[in-house]
Amino acid sequence: KQWYQRRVAITAGDIFSLDVYYIKISESQKLSTGDAANVKCEIMDLTTATDTTWSWLVDGVAVTSGIKDTTKSSSTLTKSDLSKNHNITCIATKGQIVTSASTSLMTRHITTKTMPDTDGHGFMFVCNLYGFDNQPVPTYWSHDNTNYYPETVATDVIVETSLWDNVKGEGNLTLHHKKSKITSDISYTCNVEVKTPKVETMKSVASVDQISQEKTHIDVFVHTKSSVTLTAKFTSVMSDYGADIVWTNGNHSWTKASPKTNTVTTTYDSSKKTLVSEMVIASYDMGDTLMTCMVNSTRVNPDGAKVEVHVDQYDVVFSNAYLSSTDTSKEAEVNCTVTNSTKKPTSITVTGPSGFASTFEGTVHGVHTLAGKFSSVSSDSSMTCAIVYDNSPKYTDSKNIEVVQITPMTSQTWSGGSVYFTVLIKAVSFNVNTDITWFINGKVLPKGATVTDTYTTGDQLKSVLKVMGAHKDGQVDMVLGGMHNSSHINLTQTLDYYFIGLKKKKVPTATLR
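Remember, it's a predicted structure, so these values are computed and weren't measured experimentally. Residue indices begin from 1 for each chain and proceed along its sequence in written order. In keeping with the model being predicted, local features are shown solely for residues with a pLDDT of at least 70 and side-chain atom pairs are shown and tallied solely at 80 or more, while totals for entire chains, interfaces and linings include all residues. Processing note: side-chain calculations cover all non-hydrogen atoms of the structure and skip hydrogens and water entirely.

Asker: Could you clarify how one ought to interpret the state of the cysteines in this entry?
Answerer: Simply put, disulfide is the name for a covalent bond between the sulfur atoms of two cysteines. In plain terms, two cysteine sulfur atoms within 2.5 Å form what is called a disulfide here. Tallied over the entire structure, the rule returns 3 disulfides. The disulfide that involves Cys41 links it to Cys90, with 1.7 Å between the sulfurs. Linking Cys41 in strand β3 (residues 37-44) with Cys90 in strand β8 (residues 86-94), this pair joins segments that are 49 residues apart in sequence. Side by side, Cys41 and Cys90 carry an identical accessibility label, which is buried. A disulfide bridge connects Cys127 with Cys190, and the sulfur atoms are separated by 2.0 Å. Judged by the sign of its S-S torsion, about -75°, the cystine formed by Cys127 and Cys190 is left-handed. Helix numbers and strand numbers start at the N terminus; a helix is a DSSP run of H or I with at least 4 residues, a strand a run of E with at least 2. Relative accessibility thresholds used throughout: buried, under 20% of the residue-type maximum; exposed, over 50%; partly exposed, between the two (1.4 Å probe, protein chains only).

The following block contains the structure:
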């Protein structure tokens, strides 16, 4: 009963009455899995029936379904298909007064699970019992029309002594399947025979799913910073283990619930009994690594629940090719090279303004190269290099063949103690400054040398080398192009470095005028 205090202003001679009531709810109930229960809430000892607003909570959460037979004085909640314990609360509101009452639904139920045996040989099948008044007898396991009772020792099967807690009404029975190598699915059924309040045999099945891999090891080749999709396929899968899929490289792990940097998806086909998982990496840059996809579930035999994917990260060297408008050969030499790869590509293909004539294709010191040339090149054009590995995404790089008008490098000019060299490149369709390299005596921009590039869109590029500081006489080179045996233009000029030195000499003070 819940009691409330109300303050009322009265004067001498007034007559007033108090109508005291309380809320009554059904007693706690013990039921079996799948049963339905009716919980009734009533207002008791109320002299005058007034409007009542009823509401219900199941495990602290408001519900609106299953409420029936609601009147000013009572309301009933029906909870169907019970599978676990629940706390039920009814709330009655009359004006400003709110009263409540609570009860519980105790569901007798059993659960089963499997896991690798503690000694690493075979599997453990565990049956857990909850919500029983007394230990149900008999409780046993069955498989292929054979029953296995507590303390049974048979070929490949050992059943432990049944454990029971009278206070909690809980217990378990564990069976050890001692054969570690299984070739097909295996299952055991836990049987619990209940005598009261009704006679029934409760059952729950525990199984080990003997799945297999379509391929146990896969090699995938991916270009640095490219997108790649890693795929693992499992067969003979009896259930959807998508939530149990884990991808890992030893340092990091990814699942369907992981942040979306690398996206993991799973697809289960119940008719074909297949489970396919994909991990999409938008910009791969983890280096060569071994990725493992596994079904991380105790219900699966681990022998067939893992696929290894070896990822080989490679790079491609493919440069723009440059021809001078005065070059009479009109041949553009091109190299496409794959580096940092443990395996020769299935194919390297170069395409461009005309047929590509291969002059070399092979592997030297782990570098895979296709070299050749395009003939009759008289104007700017584009070219591509495509790299193909089996079971891997195709990678294509695009570059330009640029026919330019280039003036000889100017002779050195002096200004403010520094020497300058200038090259003017005309008829350029894009800014070619990243393909320009300056050398002094064979060294790329040594200390004291700086470059200033001025580009006029779609017209020309002026590149100026400034040399200051101590240098030796020698040679200045400017190279336009990648220098990886692709067509490039080399300009040369002489560096004649000189300086004026002042020497100190002591003289008598008297001689100074």
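Right, picking up where we left off after that structure.
Asker: What's the story with the sheet that holds strand β19 (residues 212-213) in this structure? I'm lost.
Answerer: Pairing between the strands of a sheet is mediated by backbone hydrogen bonds and can be parallel or antiparallel. In this scheme, strands are said to pair when DSSP sees at least two bridges between them. Read across the open sheet, the 4 strands follow the order β19-β21-β25-β24; overall the sheet is antiparallel. Only two strands of the sheet have a single partner each, and these edge strands are β19 and β24 (262-269). Sheet topology places β24 next to strand β25 (residues 274-281); 8 bridges connect them, and they run antiparallel. Its bridge partner lying in β25, Thr265 is registered against Glu278.

Asker: What should I look at first to understand the nonpolar core in this one?
Answerer: The nonpolar side chains of a soluble globular protein tend to be buried, and buried together. Here the nonpolar core consists of buried residues drawn from Ala, Val, Leu, Ile, Met, Phe, Trp, Tyr and Cys, with membership extended through side-chain atoms lying within 4.5 Å. With 26 residues, the main nonpolar core has Leu230, Phe234, Trp247, Val295 and Val309 as its most contacted residues. Contributions of two or more residues to this core are made by β20 (217-223), β21 (228-235), β22 (245-248), β25, β26 (289-295) and β27 (306-318). Examining the composition of this core, we find that 4 residues originate from one element, β21, more than from any other. A contact between two residues is defined here by any heavy atoms of the two lying within 4.5 Å. In this structure, Val309 is in contact with Ile218, Val220, Leu230, Thr231, Trp247, Thr289, Leu290 and Met291, ignoring residues within four places of it in sequence. Counting residues in each nonpolar core, the second largest holds 24 residues, with Val419, Val432, Leu461 and Ile489 among its members.

Asker: When you look at unusual backbone geometry in this model, what are you seeing that I'm missing?
Answerer: Apart from glycine, the bulk of residues carry a negative phi angle, and the bulk of peptide bonds sit in the trans form. Omega for the bond connecting Val137 with Pro138 falls within 30 degrees of zero, at 0°, which places this linkage in the cis form. Positionally, Pro138 belongs in the loop between β10 (123-130) and β11 (139-143). A positive phi angle, near 60°, is found at Asn391, a position not held by glycine. With respect to the element layout, Asn391 can be found in the loop between β33 (381-388) and β34 (395-406).

Asker: Sorry, what's going on with the sheet that holds strand β1 (residues 22-25) here?
Answerer: With antiparallel pairing, 4 strands are arranged side by side in an open sheet as β1-β3-β7-β6. If you trace the sheet from one side to the other, it starts and ends with β1 and β6 (67-68), each paired once. Bridge analysis of β1 against β3 gives 4 bridges, and the strand direction is antiparallel. Bridge assignment links Lys24 to a residue of β3, and that residue is Glu42.

Asker: When you look at the environment of Phe221 in this model, what are you seeing that I'm missing?
Answerer: Within the secondary structure layout, Phe221 lies in strand β20. Spatially, the C-alpha atoms of Phe221 and Trp247 are 18 Å apart, while their sequence positions differ by 26 residues. When sequence neighbours within four positions are dropped, the list of residues in contact with Phe221 reads Asp312, Tyr314, Ser341, Thr342, Lys343, Tyr389, Ser392 and Pro393.

Asker: Any chance you could explain empty space enclosed by the protein here in plain terms?
Answerer: Left-over empty space is what a probe sized like a water molecule reveals as it rolls over the atoms. Cavities and pockets were defined on a 1 Å grid built from protein atoms only: a cavity is a group of points that admits a 1.4 Å probe but offers it no way out, a pocket is an open group of points flanked by protein on both sides within 12 Å along at least five of seven lines, and a lining residue is one with an atom within 4 Å of any such point. Grid points are joined across faces, edges and corners, and a volume is the space filled by probe spheres set on the points. The tally for this structure, following the rule as stated, stands at 1 cavity of 30 Å³ or more. In this structure, the largest cavity encloses a volume near 50 Å³. What lines the largest cavity is Leu129, Gln135, Pro136, Thr139, Ser162, Leu163, Trp164, Gly171, Asn172 and Leu173. Going through the elements one at a time, β15 (163-165) and β16 (170-177) are the ones with two or more residues in the lining of the largest cavity. Take the lining of the largest cavity: its biggest share by element is 3 residues, from β16. Across the lining of the largest cavity, the residue classes tally to 5 nonpolar, 5 polar and no charged. Following the grouping adopted for this structure description, the nonpolar residues are Ala, Val, Leu, Ile, Met, Phe, Trp, Tyr, Cys and Pro, the charged ones are Asp, Glu, Lys and Arg, and the polar ones are all others, Gly among them.

Asker: When you look at the side chain of Asp477 in this model, what are you seeing that I'm missing?
Answerer: Assignment of secondary structure puts Asp477 in strand β41 (residues 474-480). When charges are counted, Lys and Arg are positive and Asp and Glu negative, with His and the chain ends excluded. Salt bridges are counted wherever a side-chain nitrogen of Lys or Arg sits within 4 Å of a carboxyl oxygen of Asp or Glu. Although Asp477 is buried, it makes no salt bridge; Lys443 carries the closest opposite charge, 13 Å away. Here a polar contact is taken to be a pair of N or O atoms separated by no more than 3.5 Å, where protein atoms must pair a possible hydrogen donor with a possible acceptor and residues adjacent in sequence count only if both atoms sit in side chains. Among the polar contacts made by the side chain of Asp477, one reaches the side chain of Gln475 at a distance of 2.8 Å. In this view, Asp477 contacts Met409, Thr437, Trp438, Phe439, Asn490, Leu491 and Thr492; residues no more than four positions away in its chain are not counted.

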